[in-house]
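What follows is each chain in one-letter form.
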Amino acid sequence: MCLIILMEGGAKEKCPSGMDNSFILFYLQALFWPLFVLSFDIRHHNLIVNTLDISSCCVDEVAAEHVGADCIVHYGRACLSPSRRLPLMYVFERKPVVLETCVSSFRELYPNRQSHVILLYDVNYDHINDDLLALLSSEYPNISASTLHVDGELCYSHGETHGQHNVSSSQCQNGDQVVQQFGRQFVLKSGLTIEDYSVFFIGHEGATMTNFMMTWNRCSFCSFDPVTMTGRTESVSINKALMKRYYAIERAKDASVVGILVGTLGVANYLTIIEQLKETIHRAGKKSYMFAMGKLNVAKLANFLEIDIYVLIACPENSLLDSSEFYKPVVTPFEMEVACNKKREWSGEYVTDFRDLLPGGSKHVALANPDDLEDGDETDVSLITGALRMTRFSSSEPVSSSHDSSLVLRNQALTVANANTAATFLAGRSWQGLEQKLGETPVVKALEGRKGIAIAYEEEPTIDRDH
Amino acid sequence: METDLYDEFGNYIGPELDSDEDDDLEADDRDVDEADEDDEDEPADADEDVPGMEVVLHEDKKYYPTAEEVYGPEVETLVQEEDAQPLTEPIIKPVRNKQFTLMEQELPSTVYDMEFLADLMDSPELIRNVTLCGHLHHGKTCFVDCLIEQTHPEIRKRDDMDLRYTDILFTEQERGVGIKSTPVTMVLPDSRGKSFLFNIMDTPGHVNFSDEVTSGIRLSDGIVLFIDAAEGVMLNTERLIKHAVQERLAITICINKVDRLIVELKLPPTDAYYKLRHIVDEVNAMLSTYSTDENLVVSPLLGNVCFASSQYCVCFTLGSFAKIYSDTYGDINYTEFAKRLWGDIYFNPKTSFLSSASTSRNDIFPLVSPSSRSQVVGDCDTSLPRVLDELGIHLVKEELKLNIRPLLRLVCKRFFGEFTGFVDMCVQHIPSPQGGAKNKIEHSYTGGLDSDLGEAMAECDPDGPLMCHTTKMYSTEDGVQFHAFGRVLSGTIQAGQPVKVLGENYTLEDEEDSQVCTVGRLWINVARYQIEVNRVPAGNWVLIEGCDQPIVKTATITEPRGNEEAQIFRPLKFNTASVIKIAVEPVNPSELPKMLDGLRKVNKSYPSLTTKVEESGEHVILGTGELYLDCVMHDLRKMYSEIDIKVADPVVTFCETVVETSSLKCFAETPNKKNKITMIAEPLEKGLAEDIENEVVQITWNRKKLGEFFQTKYDWDLLAARSIWAFGPDTTGPNILVDDTLPSEVDKALLGSVKDSIVQGFQWGTREGPLCDEPIRNVKFKILDAVIAQEPLHRGGGQVIPTARRVVYSAFLMATPRLMEPYYFVEVQAPADCVSAVYTVLARRRGHVTQDAPIPGSPLYTIKAFIPAIDSFGFETDLRTHTQGQAFSLSVFHHWQIVPGDPLDKSIVIRPLEPQPAPHLAREFMIKTRRRKGLSEDVSISKFFDDPMLLELAKQDVVLNYPM
């Protein structure tokens, strides 16, 4: 029997403790044998373990399909976004936490014993959940601890029994409410909403925490960083971060050409959101182009000067990109929707997970019906430049498409000017694509080219490429 | 109902009923229905109670049907137990009429016929478009009041209250200061009785509202500058002279409040003469500094200076005064006589001849002086009749019993009559719309003048294509809508006509900023009332309904078809800068859309206001000063949005600059390692930044002209002067990018191919500096070297733009970066004993005095000083407190100055709630700005340097006091 496993998420860095012996073996192999493909035979199984050393929080299903994996082991940092194609196992690190300092900083931050607090953990600190709860729950009766709850039928986290997946009803018997989001699950007392709770996050500040803070931006946040062993209140920066996103929305309103960046091929429903965004953007009278890019960087995006703004489709943690370094801002699907969908208004609530925006999602808002908009042209003043901007809400069917021909009836009063801005942009570019140079290049015989994939062509020695 | 089946309580006592299930249910249903309709239908309960006669526990008893039974299972019912609305709030509120302006209920009667006024609109040579401007409280509004009183017999001021007819807003009346410029149109006769149509713009005198003056000036052909005879030339007077010269307007002077010289300062006639002469000389001195035109001189002899006292309804020029003389004494050639009323010519009482060697000066106001003096001392009973008799003024008894001031006013009015002197002055020295059109268009129109359209406008042709320039938006009484106010330059605008509105960003190439609208009604605006007209021909001012929506600040209104060549009129160029910044936020976050709408409206209402969202996501309002922003906030809260709004503490905009040349050449490689750009930064020459901002030099000039400018004025060498690439962050930005590479070292053709990308990177970089995302200012970036890839593929914008920006930043940081803050110029008037207190207050706010001098002929001192804008909040109040309200100050943005201290010095610890010593200020400002914007606490310098660059730094052993 042959089993192919894709191990990803920076598995090289460290071997996890408390794991199955055989897994440790794989990990050790992976650690000291940094080949891309390594195959060996243990206990009658023909195992093939692939490692990817990009430390990503998402599961790369596409890479898994490239190597024909049968299952994926995701190691380390994870955003727990569901994937649909392959069985998946999460393996988390067990990073050390000094429980005493954690508890004492908790006491410091929440002097009121009756406070309603939700405990959230970075995935790598999840192991202290029980110990911490044991220490705190006697003093704080209203504490609610989160447990990891991996969404999706084929996903497992290490140490989790299959039976746990069955908790799906959001209403428990006693009226308590179960909230499941971002792979976390916690219980809210009946009659209370999440706004009544404050959140205590254990982990470093980073994308994970920002994501929580943005989503539950009405809650007060405190965090404890196990590395620096300090706890602090986070509330000030959260508003700032939110307001910065508001600025992004204003930029999105100003933009007329939008680039849709596909930053994930793993998160479920990413195709649906692309379609929805295209429709939304089109209805708002803007143009959209789609870009599939691996890792984003400044230079890549700055190559497309025509694009006024980018929308990044990625997992919740990666969506919130600080785009101040980028030549053109990068916004999230939610922000684009606020900018384009007249029915959605900025109220301070924020959605990082694009799946909530889809039909059926908790935050879905349907597009305004084009017939309802009595006025096609509406004027608005841009809050960025102070100039006037026209928001045209075109109907779903482009009206002109059927008549779009270069022949126009001659008219005395009007002159035909096919102002095509896209074409003028192209004309202004210094590099307009490969040049044909017909007749300028000498005729030569066809030669056999390279074979294989770009990371290692067949005639290239493979070893050199490792480091 | 059979009564014997029931007992007296309505209980059923009859024979047992058969209890069929279905029946019961139906009965139940029916009962419920009945119970709902008819409360008295008691037997309903009986039905159920009786069958079992069983004991029912209290808890289980059911007296009324449940809501579900009544309305069915699908209906959700809610019981509201308390009133959600307080009792004090009426359920149906009375209709509230919002009103913010004083308006006449109906058209007031005028001494001329309204029809006549409308007819005059068709003769441009009989029209004068004039802006009245001047320093605060120099009597512009009062002067207009006099004109109003002369033309509107029913409008009279109440005894001791000024009419302030053009202060139409309630806030203006309450504050006692003009906020908006207000147009008044009326027919006035000159000294020969010929009628002219006067379009007069009464503008605010407070420097914070200079933008209003600018919008008025744009529509006018000339200004009348008001100067208080006692105070003389003040801060705003000087600024207005400069502004009018820049805008190429005819300048006339009105020396107002001449009565103050006599009544208040009690100057003898000779000194009064010198005082007036001093003012005229001062104005002429300023005119010669700001203008290159040597013929631009004002003098009473030329007739472009008039004297007035709005309080006593007096206004005359030498000419009109001489005419009164000749009318009284007969047979004098008054034009010749007028020439002798000013200057070193004396009146010899013995010989009755004017000679230059006589002893007593012929005071130009023989009337005002004796009569007012006698009034002041109070012996009016004895001396007044005699004086009046002499002058041939006859008053009835009742009039003589008036109080002193109204009496004097009356006397003066009788003697001087109407303001024909003022009319003469305007008619002679301010061109008609026809005569001034060419000058106006040359200055304000972006298109060419030699086209048909240009000619039509230059001729002020009412039959030409419609061109109308609007510069102001007036909100309606209730603050819901806006009307655009402008001047028709050619053609005729008709009510109900479709027009095309071109915005400020419209160009022939990019036609996006234009919209077709339909004009609603048209009016001629006379402050508190409006005369509706159906057409307005070229040369006139007009208030337009219905096309406000696409207009942000100014607009060009033209015909929707057939006038494709029309270009726009330049947006206004203000003589102040909006440097004070406040961040606003609705108290209730859900009211954000309301606030946005309000912001949009105040933005329309105030010409130089900027509202925007900053990168931090804050809604920011930028204004010229405290009073300005206070008025804006009033309008925002009360007039336009009626919501509670939170305001952050005011702050100012900062700039980032350098003070030295970069300590080494900074380079950066593109991510693909195929291109390398090397730059250094150095400060610009003094004055150059201002020249760029004021468009003294423009990047659009051809290379030769540009080169010559820099060579001659700033001593640049030929090579550098010819290779200026760009100004940044935009075409009027105060930074320069220079290509300083040598053709022998660098392939110029290759470099040229990435010029656009480098310029974009430079502009991006200068827009948001590395210190705290504020714009860079006063820095010259020199490209010293560039290695550019051969293949176009490898030198795309994506590679070059971010790299260029990085080099700009690293060069900037290596050149001793500093922060700049705006400085106010302050002018304080205070009595001598308060001067020291003014010094103290200024010193406490980092201000310093540049000049303090007594005002000639008055007990007051003028103190001129500079004060940092960030420390100027509350300065005026502070000053008044320390001087018992005797000092009066005005402040206006003047220049940018470097904040003391190194913003990147990490050894400085900023302690909260403590004033920082001067060398720590730059650091403090930078860190606080960064915090406000949600940036990281400190600048991470290493981010902008490549690894090889850092190595280079180490190698060169550059002393960097900043840890990387």
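Here, every reference points to the structure presented above.
Residues numbered from 1 in each chain as written. Chains lettered and ligands numbered in written order. Predicted model: local features only at pLDDT ≥ 70, side-chain atom pairs only at ≥ 80, totals over all residues. Heavy atoms only, no water.

1. Overview of the overall build of chain A
Part 1: The number of helices and strands found in chain A is 11 helices and 22 strands.
Part 2: Taking all 467 residues of chain A together, the buried fraction comes to 45%.
Part 3: For chain A, long-range pairs separated by at least 24 residues make up 62% of all intrachain contacts whose partners lie at least 6 apart in sequence.
Part 4: Accessible surface for chain A amounts to roughly 24400 Å². Of this, 54% is attributable to carbon and sulfur atoms. (Helix = DSSP H or I, 4+ residues; strand = E, 2+ residues; numbered from the N terminus. Buried < 20%, exposed > 50% of the residue type's maximum accessible area, 1.4 Å probe, protein only. Contact = heavy atoms within 4.5 Å. Areas by Shrake-Rupley, 256 points an atom, 1.4 Å probe, with all protein chains shown as cover.)

2. Here's the deal with the sheet that holds strand 20 (residues 555-558) of chain B
Residue and element names in this part refer to chain B.
Part 1: Spatially, the eight strands line up as an open sheet ordered 15-14-20-11-12-19-16-17, and their pairing is antiparallel. Looking at which strands have only one partner, the edges of the open sheet turn out to be strand 15 (514-518) and strand 17 (529-533). Mean inter-strand twist for the sheet, computed between neighbouring axes without regard to direction, equals 35 degrees.
Part 2: Taken together, the four bridges between strand 12 (residues 482-490) and strand 19 (residues 541-544) define a ladder with antiparallel strand orientation. Each residue of the ladder has a partner; that of Gly486, found in strand 19, is Val542. (Pairing = 2+ DSSP bridges. Axes fitted to C-alpha atoms, helices over the stretch in contact; angles between N-to-C directions.)

3. With respect to the interface of chain B and chain A
Part 1: Contacts between the two partners involve 40 residues from chain B, matched on the other side by 29 residues from chain A.
Part 2: Taking both sides of the interface into account, the surface hidden between chain B and chain A amounts to around 3200 Å²; carbon and sulfur atoms contribute 58%.
Part 3: The largest per-residue losses of area from chain B upon contact with chain A belong to Val613, Glu615 and Trp764 of chain B, which jointly make up 15% of the total buried on that side.
Part 4: Between chain B and chain A we count zero salt bridges in total. (Buried area = accessible area lost by both parts, 1.4 Å probe. Salt bridge = Lys/Arg side-chain N within 4 Å of Asp/Glu carboxyl O.)

4. So, the packing of helix 28 (residues 835-844) of chain B against helix 29 (residues 875-882) of chain B
Residue and element names in this part refer to chain B.
Part 1: Following both chains from N to C, one finds helix 28 and helix 29 inclined at 145 degrees, their axes separated by 9 Å at the closest point. Considering how the two elements wind past one another, helix 28 and helix 29 form a crossing that is right-handed. Across the interface between the two elements, Ala837, Val838, Val841, Leu842 and Arg844 of helix 28 pack against Phe875, Asp878, Leu879 and His882 of helix 29.
Part 2: Across the contact of helix 28 with helix 29, the residue classes break down as six nonpolar, one polar and two charged. (Left-handed = near helix turned anticlockwise from the far one by under 90°. Nonpolar A, V, L, I, M, F, W, Y, C, P; charged D, E, K, R; others polar.)

5. Thoughts on the sheet that holds strand 18 (residues 330-331) of chain A
Residues and elements named next belong to chain A.
Part 1: Taken together, four strands build an open sheet; the order of strands is 16-15-17-18 and the sheet is parallel. Taken across any chain shown, the strands that pair with only one partner, and hence form the sheet edges, are strand 16 (287-292) and strand 18.
Part 2: In this structure, strand 15 (residues 257-262) lies alongside strand 17 (residues 309-313), joined through five bridges in parallel fashion. Looking at strand 17, one finds that Val258 is bridged to Ile309.
Part 3: The strands touched by helix 10 (residues 333-340) are strand 15, strand 17 and strand 18; relative to strand 17, the strand with the most contacts, the crossing angle is about 130 degrees.

6. Description of the nonpolar core
Residue and element names in this part refer to chain B.
Part 1: Ranked by internal contacts, the top residues of the largest apolar core, which has 205 residues, are Phe422, Ile758 and Phe781.
Part 2: Every residue in contact with Phe422, bar those within four places of it in the chain, is listed here: Leu132, Phe143, Leu147, Phe198, Ile200, Val224 and Cys315.
Part 3: Grouped together as the second largest cluster of nonpolar side chains are 47 residues, Ile253, Ile255, Phe316 and Leu341 included. (Core = buried A, V, L, I, M, F, W, Y, C linked by side-chain atoms within 4.5 Å.)

7. Some thoughts on helix 8 (residues 235-246) of chain B
Structurally, the α-helix is built with 3.6 residues per turn, so residues lying three or four positions apart point the same way.
All names here are of chain B.
Part 1: Given a rise of 1.5 Å per residue, 12 residues ought to cover 16 Å, and the 17 Å separating the end C-alpha atoms of helix 8 matches this to within 8%.
Part 2: In terms of residue burial, helix 8 counts as a mostly covered element, since nine of its 12 residues are buried.
Part 3: All buried positions along helix 8 are accounted for by Leu235, Asn236, Thr237, Arg239, Leu240, Ile241, His243, Ala244 and Val245.
Part 4: Directly beyond the C-terminal end of helix 8, a positive phi value near 55 degrees is found at Arg248. (Expected span 1.5 Å × (residues − 1).)

8. A short note on the side chain of Ser309 of chain B
Part 1: Checked against the element boundaries, Ser309 of chain B lands in strand 6 (residues 305-309).
Part 2: Not counting residues within four places of it along the chain, the set of residues in contact with Ser309 of chain B comprises Asn256, Lys257, Val258, Asp259 and Val314 of chain B.

9. Thoughts on the pairing of strand 12 (residues 198-202) of chain A
Residues and elements named next belong to chain A.
Part 1: The element strand 12 is extensively covered by neighbouring structure, given that five of its five residues are classed as buried.
Part 2: Neither face of strand 12 is left uncovered, since the one carrying Ser198, Phe200 and Ile202 and the one carrying Val199 and Phe201 both have all their residues buried.
Part 3: Pairing between strand 6 (residues 117-121) and strand 12: five bridges, direction parallel. In the sheet register, Ile118 faces strand 12, and the bridge partner there is Val199.
Part 4: Bridge count for strand 12 against strand 13 (residues 221-225) is four bridges, and the pairing is parallel. Along strand 13, the bridge assignment pairs Ile202 with Phe224.

10. Examining the packing of aromatic side chains
Part 1: Per the stated rule, a full pass over the model turns up 31 aromatic pairs over all chains.
Part 2: Centroid distance Tyr110 of chain A to Phe200 of chain A: 6.2 Å. Interplanar angle 75 degrees. Geometry classified as edge-to-face. Of the two residues, Tyr110 of chain A sits in the loop between helix 3 (99-109) and strand 6 while Phe200 of chain A sits in strand 12, which places them 90 residues apart along the sequence.
Part 3: With relative accessibility at 5%, the residue Tyr110 of chain A sits in the buried group.
Part 4: Residue Phe200 of chain A is classed as buried on the basis of its relative accessible area of 0%.
Part 5: Ring centres of Phe209 of chain B and Tyr628 of chain B lie 5.5 Å apart, and the angle between their planes is 35 degrees; on these two criteria the pair is classed as tilted. Here Phe209 of chain B, found in the loop between strand 3 (195-202) and helix 7 (210-219), pairs with Tyr628 of chain B, found in helix 21 (residues 626-641); they are 419 residues apart in sequence, far enough to count as distant. (Phe/Tyr/Trp six-rings, centres within 6.5 Å; stacked < 30°, edge-to-face > 60°.)

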